[in-house]
Amino acid sequence: RSDVMRPYGSDFPIRDAVGFFDGGPPLSPGLRPSFARGGLSNGWGAAVLPYRIEDLGAWPTASTRLERHYSAVSDFMPVAASRDGLAAHFPMWPIDRSHAYPAGPQGAQLLARLEKRKSALASEGLVAGRARLAFSGGDCRTCGLCLYGCPYGLIFNASAEVDRLSRSGCFSYQPRLRAVRFEEHGDGVRLIAEDLDAGGRIAIEARRLFVAAGVLPTARIILNSVPEAVSTLTLVDSQHVLMPMLHQWAPPADLAATPQNTLAQAFIAINDDALSPSTIHAQIYAYNDFLKSDLQLKFGGLAGVLDPVIDNVSRRLFVAQLFLHSDHCGRIAVRLDGDAGDARLGCAASEGAGTRALLKKAASKLARALAPSGVFALPFHARFGAVGSSFHVGGSLPMSDDPGAGETDIYGRPSGLKRVHVVDASVFPSVPATTITFTVMANAHRIAADAPV
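Here the structure is a predicted model, which is why all the values come from computation and not from measurement. (Residues numbered from 1 in each chain as written. Predicted model: local features only at pLDDT ≥ 70, side-chain atom pairs only at ≥ 80, totals over all residues. Heavy atoms only, no water.)

Participant: In this structure, what is going on with the packing of helix H1 (residues 67-76) against helix H9 (residues 437-450)? I would like to understand it.
Facilitator: Packed helix pairs are specified by the crossing angle of their axes together with the interaxial distance, meaning the distance between the axes. Where H1 contacts H9, the axes come no closer than 8 Å and their chain directions differ by 110°. When the axis of H1 is compared with that of H9, the two are roughly perpendicular. In contact with Arg68, His69, Tyr70, Ala72, Val73 and Phe76 of H1, H9 contributes Phe438, Thr439, Met441, Ala442, His445, Arg446, Ala449 and Asp450. Of the residues belonging to the contact of H1 with H9, the class tally is 8 nonpolar, 3 polar and 3 charged. (Axes fitted to C-alpha atoms, helices over the stretch in contact; angles between N-to-C directions. Helix = DSSP H or I, 4+ residues; strand = E, 2+ residues; numbered from the N terminus. Parallel < 35°, antiparallel > 145°, perpendicular 65-115°, else oblique. Contact = heavy atoms within 4.5 Å. Nonpolar A, V, L, I, M, F, W, Y, C, P; charged D, E, K, R; others polar.)

And the structure:
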């Protein structure tokens, strides 16, 4: 099962347009590749936070110097943010040019109540603040359609950057070519690609190759290119749980029609060494159309009779999504399924032994902390995400100061290679609990800007 958003009801962000999986995608893991222009940014929650340096223990020191690269990314990706308690733990670049946006009626009430209790929360290791979101918040029409796909194009989508780069004249986008494998030689790299229209293979010569295909396609390209060096790669995952909660204050009578955005309203960081030495991250969502329909499905044939109750409950619902550091979570082993050259991937997911128990403890701690603010958790209705379903996955080619087989240097170069750079989350030595996209982009910018040429 995959928890990816389906913008406008379409599965195009995760549709297998190239026959990536032989016989269809496996039921497990929940992770899927994207072959859409713009990838998974076509349907995402737009949540962006930098990683805390304290959560990067496995990363080579040089690879953690990301400040100016976060700043560079925020120059072209709009980030709606607010200066609040989160700033002390998660700096923002540039905070003074952030794209302000109006909190929804439930989100505003929750944030106000959490602000009043910030000292009490801090004593329990919690810090709360406005969700940071990659969208042009100042232009938000508060239509409430965010989780369907913004009809005004205000949520950041990488396809817009592809268009912008294409207009620059120094960038060529080839949507009907599929990267198969590469061959490094002398002073260059040869990329072998499949022409999906004409059939057959073509070769593209370049001085350098930067691979950013997403963790599953990148693994396939690497394994098909250097099968003698490595036969299996292991992805690490930041697993999550969704916990519904009810607030005690009265919602607006016409909440479904009230102007609002339905992206995450608040972020809460949990730092408690008794649970984990790393940050546990929570995102709080308020009312959206999917909450009522989900309740109706749960009640089945009784939904019609219980509609007044379902409607009242749905208008008081919050949903907390909690993420753990990958050190506590499952793994996905990937290997070639067939002879190297253009073999498909075989995947095997395994959940961490203590993952669910730790997620339950973290959810219970959050529930206790929120209760004095008038928010009551429903842990018996919590839903655990399958391994990979959060899409906060990486680490199959982890960066190392002294890379061996199946590892890369701090510039994303697989061991033994000089002109091939992997720049997606595959090179993350671990995946902290906070949002992954911002750091994927910042780290890619770091490699592109700092790699020796």
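Participant: Whenever I open this one, empty space enclosed by the protein confuses me. Can you help?
Facilitator: One water molecule sets the probe size; rolling that probe over the atoms shows where empty space is left. Scanning all chains against the criterion turns up 1 cavity of 30 Å³ or more. Looking at the largest cavity, its volume works out to about 80 Å³. For the largest cavity, the lining is made up of 13 residues, of which Cys140, Cys143, Cys146, Cys150 and Leu154 are closest to its centre. (1 Å grid on protein atoms, 1.4 Å probe; cavity = no way out; pocket = protein on both sides within 12 Å on 5 of 7 lines; lining within 4 Å. Points joined across faces, edges and corners; volume = space filled by probe spheres on them.)

Participant: Would you take a moment to explain a nonpolar patch on the surface for this structure?
Facilitator: A cluster of nonpolar side chains, contributed by Leu165, Phe171 and Tyr173, occupies part of the molecular surface with about 230 Å² of accessible area. Relative to the helices and strands, Leu165 is located in helix H4 (residues 158-167). (Patch = residues over 30% accessible without salt bridge, like charges linked within 9 Å, V, L, I, M, F, W, Y side chains within 5 Å. Areas by Shrake-Rupley, 256 points an atom, 1.4 Å probe, with all protein chains shown as cover. Salt bridge = Lys/Arg side-chain N within 4 Å of Asp/Glu carboxyl O.)

Participant: Please explain unusual backbone geometry as it appears in this structure.
Facilitator: Negative phi values dominate among residues other than glycine, just as trans dominates among peptide bonds. If you check the backbone angles, Tyr8 has positive phi at about 55° while not being a glycine. Looking at where Tyr8 falls in the secondary structure, it is placed in the segment before H1. We classify Tyr8 as exposed; its relative accessible area is 55%. Despite not being glycine, Phe391 shows a phi value in the positive range, around 65°. Mapped onto the secondary structure, Phe391 falls in the loop between strand S14 (383-384) and strand S15 (393-394). (Buried < 20%, exposed > 50% of the residue type's maximum accessible area, 1.4 Å probe, protein only.)

Participant: Quick question: what am I supposed to make of the packing of aromatic side chains here?
Facilitator: When we look at a pair of aromatic rings, we describe it by the centre distance and by the angle of the planes. Per the stated rule, a full pass over the model turns up 9 aromatic pairs. Consider the rings of Trp59 and Phe428, whose centres lie 4.8 Å apart with planes at 50°: the pair is tilted. Placement of the pair is Trp59 in the segment before H1 and Phe428 in the loop between strand S16 (420-422) and H9, with a sequence separation of 369 residues. Each member of the pair, Trp59 together with Phe428, is buried. For the pair Phe76 and Phe156, a centre-to-centre distance of 6.4 Å together with 50° between the ring planes defines the contact as tilted. Here the residue Phe76 occupies a position in helix H1, and Phe156 occupies one in the loop between strand S1 (126-130) and H4, the gap between them amounting to 80 residues. Look at Phe76 and you get partly exposed, because its relative accessible area is 34%. Three or more aromatic residues joined by ring pairs form one cluster here, namely Tyr51, Trp59 and Phe428. Cation over ring: Arg130 sits above Tyr101, and NZ or CZ is 4.8 Å from the ring centre. Between the NZ or CZ atom of Arg141 and the centre of the ring of Tyr152, over which it lies, the distance is 4.4 Å. (Phe/Tyr/Trp six-rings, centres within 6.5 Å; stacked < 30°, edge-to-face > 60°. Lys NZ or Arg CZ within 6 Å of the ring centre and 35° of its normal.)

Participant: What is the right way to read the environment of Arg132 from this model?
Facilitator: In this fold, Arg132 is placed in the loop between S1 and H4. Put simply, Arg132 and Ala46 are 86 residues apart on the chain and 8.2 Å apart in space, counted from C-alpha to C-alpha.

Participant: Where do I start with the pairing of strand S11 (residues 331-337) in this structure?
Facilitator: The side chains of a regular strand alternate, first on one face of the sheet and then on the other. Pairing analysis gives 5 bridges linking strand S6 (residues 232-237) to S11, with the strands arranged antiparallel. Pairing of Val236 across the sheet is with Arg331, part of S11. As paired elements, S11 and strand S12 (residues 344-350) share 7 bridges and run antiparallel to each other. Looking at the pairing, Arg335 lines up with Gly346 of S12. (Pairing = 2+ DSSP bridges.)

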